[in-house]
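# Understanding the architecture of this molecule
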Amino acid sequence: MLLLGRTPKALDTALNAILTEYCPECGRVSESLVPTDWHLAGGDRVFVREKGVLWGKSTVWPVEWPDSESAAWVALLQQSKTFDFSHKWGGWRFRVQAQVRHIGSKPLVDLFVRRVPQTLPAQLRLPRKFMDVSRDTPRGLVVISGATGSGKSTTMAMLTKHILNDHNQEKNGGRHIIEYANPIEYEHQSGLHTMIRQYELGRDYGSFEQALGEQLLRKDPEIVMPAEIRSPRAIRGALDAADTGHLVISTLHLSTAPTVAGRIITDAGPDYASKLPASLQIIICQTLVQSRFGGRIAAFEQLAITPSVRTLLNKATESGQLSHVTQGLDSAVIAPDVRGDSFSMEHSLAALIEHGHLSAEEAYSYAPRQEFFRRSLPDLRKQVRNFPGLMDLYRL
């Protein structure tokens, strides 16, 4: 990946002017009243999303960036096509994606700007086994998965905060955490015993593949958190890091735990996939649903890697035949163990129904296995009543 570095001054100034014009009350009103997204397309009107609704504004985003610094930056952007970066203004942090677009031979710069919440939620309910992963599993691979906008970044940040708090206690000992972000959304501070270092893609390092290479070992971390492992090389780097005794926590963009395992096996290739059964510790998938009590709430699927699951993964990596293994992993989450360490998205949706957050019809629209959900909902509701850990996630 090309290192575009920091954005040119002219572009920063123009972006700040837009934020000043269309977020004049930022910092002086409730966060729920502040716009969440700004869409800036070269030569077109600015669009702002407020309270979930998109509105067109009168200001036009520039077509040309004639100064030499901007021209050089746009030339690099044309080669990489997109560039993610963070931006600070008015006490707020924004996640920005720059995308090059052409009209004829003329390059235009479009920006997609999203406001990052100023603070993490006071309480984000996450499955207990997942939250205790750094204490229970000092090495291995942990995957957080879900579609874009499903809250993976917030879950990763909440887990980081929990690890920092947990390992700052004398009894648990410290940890060295390295986060490779794209871009940095939430800034964390080192504590008494636990140290964290956050690096931003494009500014501090060139790619996830590079970050997970041999240089990682020289930094002496216990926990490594690359923002995503979507490419085969990044997956192999994550498996190498887990295999050498690190706890690697990262994300993918799939909706169920079995498909996550299948993607890692397929993309890693036979030589590296053989490391997965010993390395994989837990997979959590999530989606955000609209609660009847207001706001959005996360529904989860969790696959804890038990001895029987490791046996399935070994068969998959040895035979290369994923279909039977995927069915077996599906069974592991559809028919959860007695402790409730593994459960399906459909179980979470049933628990949300039990607590009144969703109707059955609303929950059906979120279910990844819709036919199973429709057929099994009465049984699912009975099952979740016996899993206090899952039910407690959604208790009002």
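The model shown is predicted, which means the values in this text are computed figures rather than measured ones. (Residues numbered from 1 in each chain as written. Predicted model: local features only at pLDDT ≥ 70, side-chain atom pairs only at ≥ 80, totals over all residues. Heavy atoms only, no water.)

When helices and strands are tallied, the protein chain shows 16 helices and 13 strands. Relative to a compact globule of 396 residues, whose C-alpha radius of gyration would be 21 Å, the protein chain shows 22 Å and is just as compact. Considering only C-alpha atoms, the protein chain reaches an extent of 65 × 50 × 50 Å along its principal axes. Classification of the 396 residues of the protein chain by burial places 50% in the buried group. Carbon together with sulfur atoms contributes 50% to the accessible area of the protein chain, which is approximately 18100 Å² in total. A distance of 3 Å separates the average location of the 45 positive side-chain charges in the protein chain from that of its 42 negative side-chain charges. (Helix = DSSP H or I, 4+ residues; strand = E, 2+ residues; numbered from the N terminus. Rg over C-alpha atoms; globule rule 2.2 N^0.38 Å. Buried < 20%, exposed > 50% of the residue type's maximum accessible area, 1.4 Å probe, protein only. Areas by Shrake-Rupley, 256 points an atom, 1.4 Å probe, with all protein chains shown as cover. Lys, Arg positive; Asp, Glu negative; His and termini not counted. Charge placed at Lys NZ, Arg CZ, Asp CG, Glu CD.)

Right, let's get into unusual backbone geometry. In this chain, Asn 182 is followed by Pro 183 through a cis amide linkage whose omega measures -10 degrees. By the element assignment, Pro 183 lies in the loop between β8 (176–181) and β9 (195–200). Here the phi dihedral of Lys 81 falls at roughly 75 degrees; this positive angle occurs in a residue that is not glycine.

Note: strand β1 (residues 37–40) against strand β2 (residues 45–50), three bridges, orientation antiparallel. In the strand pairing of β2, Asp 37 is matched with Arg 49. What sits between the antiparallel neighbours β1 and β2 is a turn of four residues, in which Gly 43 has the positive phi angle 80 degrees. With antiparallel pairing between neighbouring strands as the criterion, β2 and strand β3 (residues 53–60) make up a hairpin whose turn holds two residues, including Lys 51 at a positive phi of roughly 55 degrees. (Pairing = 2+ DSSP bridges.)

Here helix α7 (residues 232–243) contains 12 residues, and its C-alpha end-to-end distance of 16 Å stays within 8% of the 16 Å for a straight helix at 1.5 Å per residue. Along α7, the residues classified as buried are Ala 234, Ile 235, Gly 237, Ala 238, Leu 239, Ala 241 and Ala 242. In the core, the buried residues of α7 are packed alongside β7 (140–145), α6 (208–211), β11 (247–252), α8 (257–268), α9 (270–273) and α10 (276–279). Among the residues trailing α7, Gly 245 stands out with phi positive, at a value near 100 degrees. (Expected span 1.5 Å × (residues − 1). Contact = heavy atoms within 4.5 Å.)

We now examine the nonpolar core. Core analysis: the biggest nonpolar cluster contains 48 residues, and Phe 130, Ile 249, Leu 349 and Tyr 394 have the highest contact counts within it. Apart from residues lying up to four places away in sequence, Phe 130 is in contact with Val 142, Ile 144, Thr 155, Leu 159, Ile 282, Ile 284 and Gln 302. In terms of nonpolar packing, the next biggest core, distinct from the first, is built from 41 residues, Leu 141, Tyr 180, Ala 211 and Cys 285 among them. (Core = buried A, V, L, I, M, F, W, Y, C linked by side-chain atoms within 4.5 Å.)

With that out of the way, let us pick up the pairing of β9. Taking every second residue as pointing to the same face, the buried face of β9 carries Ile 196, Gln 198 and Glu 200, while none of Met 195, Arg 197 and Tyr 199 on the other face is buried. As paired elements, β8 and β9 share six bridges and run parallel to each other. Bridged to Ile 178 within β9 is Arg 197.

By themselves, these are just geometric observations and shouldn't be taken as functional.
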